[in-house]
Structure formats: C-alpha cells, structure tokens
Amino acid sequence: QIPATYFFLGSANEEKGCIHPYHHPKFMIDEDSLLIGAKILAGSILTALKNNVKDVTARLKSCCYVFF
C-alpha cells in the first residue's frame, strides 16, 4: 500500500463574493487559493525527493486535494 495524504484548501472569500459551496450554480473560487494549493503540492514533491522517496509518481497519484 502507498501512504496518502488529504487536505482541505479553503477557497471562500466573502470580500470577493466567493461564498457558495462548490456544487452551487453560483460557485466562484478565490483564485488566490489555487496558488496556495500548487505551493503545497510542489512542497510535498520536493520533500519526497529530498527524503529519497522511492516512487514519487505513485505518491502523487494518491494525493488528494479539495477546494471548498
């Protein structure tokens, strides 16, 4: 089995009108949160490589992220 991770990345922002949940027809994502998510994933990859993780590709496939 491959260890996995799961994290929640908030994307709501009342000031920008991003207040509806992700299956709502008026859903809008605060695009600033996408950069944060990308940084988290990139940091995870760099940490795995630094720690000589054998199969980084398999670990990435098991990584899940959620915007809400």
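Predicted model only: the values in this text are computed from it and were never measured. (Residues numbered from 1 in each chain as written. Predicted model: local features only at pLDDT ≥ 70, side-chain atom pairs only at ≥ 80, totals over all residues. Heavy atoms only, no water.)

**Remarks on the confidence of the model for the protein chain**
Now for step 1: Summary statistics for the protein chain give a mean pLDDT of 79 and a share of 72% for residues scoring 70 or more.
Now for step 2: Within the protein chain, no element has a lower average pLDDT than strand β2 (residues 63-67), which sits at 48, and none a higher one than helix α1 (residues 32-50), at 86. (pLDDT = per-residue confidence, 0-100. Helix = DSSP H or I, 4+ residues; strand = E, 2+ residues; numbered from the N terminus.)

**Some words on the pattern of salt bridges**
Any two side chains of opposite charge can pair, on the condition that their charged atoms come close.
Now for step 1: Counted under the stated rule, the structure contains two salt bridges.
Now for step 2: Among the ionic pairs, K16 bridges to D30, the shortest N-O distance being 2.9 Å. Placement of the pair is K16 in the loop between β1 (5-9) and α1 and D30 in the loop between β1 and α1, with a sequence separation of 14 residues.
Now for step 3: Note on D30: relative accessible area 9%, which makes it buried.
Now for step 4: Overall, the relative accessible area of 42% leaves K16 in the partly exposed class.
Now for step 5: Through salt bridges that share partners, K16, D30 and D32 make up one connected network. (Salt bridge = Lys/Arg side-chain N within 4 Å of Asp/Glu carboxyl O. Buried < 20%, exposed > 50% of the residue type's maximum accessible area, 1.4 Å probe, protein only.)

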